[in-house]
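A closer look at the structure
Listed below, chain by chain, are the residues.
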Amino acid sequence: MFIAKRLFSSMSAERPLAAAITQKLTAALTPSSLELIDNSHLHASHAAMRGSTDKETHFDLKIVSNQFQGKTAVQRHQIIYKLLDVELKEKGLHALQISAKTDAEVSK
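Keep in mind it's a predicted model, so treat the numbers as computed, not measured. Once a new chain begins, its residue numbering starts again from 1 and follows that chain's sequence as written. For a predicted model such as this one, the threshold for reporting local features is a pLDDT of at least 70, and the threshold for listing and counting side-chain atom pairs is 80 or more; totals across whole chains, interfaces and linings nevertheless cover every residue. Think of the side-chain values as coming from all heavy atoms in the structure, minus any hydrogens and water.

Quick word on the overall build of the protein chain
Worth spelling out the cut-off: Note on conventions: DSSP H or I runs of at least 4 residues are helices, E runs of at least 2 residues are strands, and numbering of each starts at the N terminus. Residue burial is assigned from relative accessible area. The probe radius is 1.4 Å, only protein chains are included, and a residue is buried under 20% of its type maximum, exposed over 50%, and partly exposed in between. Here, two residues are considered to be in contact whenever any of their heavy atoms come within 4.5 Å of each other. Values of accessible area rely on a 1.4 Å probe in the Shrake-Rupley scheme; residue burial ignores everything except the protein chains shown.
Scanning the protein chain for helices and strands turns up five helices and four strands. Buried positions account for 37% of the 108 residues belonging to the protein chain. Long-range contacts, defined as pairs at least 24 residues apart, comprise 66% of the intrachain contacts of the protein chain with a sequence gap of at least 6. In the form shown here, the protein chain has an accessible surface area of approximately 6,500 Å², with 51% of it arising from carbon and sulfur atoms.

Here it is as C-alpha cells:
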C-alpha cells in the first residue's frame, strides 16, 4: 500500500501517476492535508484491468482544503476531476474515491 502525504521527492520515479496527482492537487488547492492511497493492487484481477499495463489505476484520496468552502460534495469532486482530466483520460487513472473537506469540517 502506498500513501502520499504531500510531496515526496522520490515519488515521481517510483509512482509517476501518484506524483502527478499530488503535484496538481497541491498546486491548485493548497491543501492543509492530502492523503493519496494507491489501491491498484486490489483491482488488478478485475475484468476492466485485464490486459492493462498501467500499474497505478485506483486511488483513495482524502484532501482537506479551504478552496472547498461553500461548495457541495459534487462541486468538490468536479473540481478534482477537472484538475485530473489528463490523468483520467490519458494516463491510466481508472478510479478515484474522494473525501474532500474544509479545515472547519475536519475540526468538527
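Here we look at the pairing of strand S2 (residues 33–38)
Rules: Being paired, for any two strands, means DSSP has found at least two bridges between them.
The buried fraction of S2 is high, at five of six residues. Pairing of S2 with strand S3 (residues 58–64) involves six bridges; the strand directions are antiparallel. Each bridged residue has a counterpart across the sheet, and for Asp38 the counterpart in S3 is Phe59.

Focus on the packing of helix H2 (residues 16–29) against helix H3 (residues 73–83)
Note the following rule: With axes taken as lines fitted to C-alpha atoms, and helix axes fitted only over the stretch in contact, angles between N-to-C directions fall between 0 and 180 degrees. By definition in this entry, angles of less than 35 degrees are roughly parallel, angles greater than 145 are roughly antiparallel, angles of 65 to 115 are roughly perpendicular, and the rest are oblique. If you view the pair so one helix is near and one far, a crossing is left-handed when the near helix is turned anticlockwise from the far one by less than a right angle, and right-handed when it is turned clockwise. Each residue gets one label: Ala, Val, Leu, Ile, Met, Phe, Trp, Tyr, Cys and Pro are nonpolar, Asp, Glu, Lys and Arg are charged, and the others, such as Gly, are polar.
Contact pair H2 / H3: the axes reach a minimum separation of 10 Å and the direction vectors enclose 125 degrees. The angle between H2 and H3 falls in the class oblique. For the crossing formed where H2 meets H3, the hand is right-handed. In this structure, H2 uses Lys24, Leu25, Ala28 and Leu29 to contact H3, whose residues at the interface are Ile79, Ile80 and Leu83. Broken down by class, the residue content of the contact of H2 with H3 amounts to six nonpolar, no polar and one charged.

Description of the pairing of S3
Both faces of the sheet carry side chains from a regular strand, because those side chains alternate between them. Counted residue by residue, S3 has six buried out of seven residues, so it is predominantly covered. Strand direction decides the pairing type here: S3 and strand S4 (residues 95–101), joined by seven bridges, are parallel. Residue pairing for S4: Val64 is matched across the bridge by Lys101.

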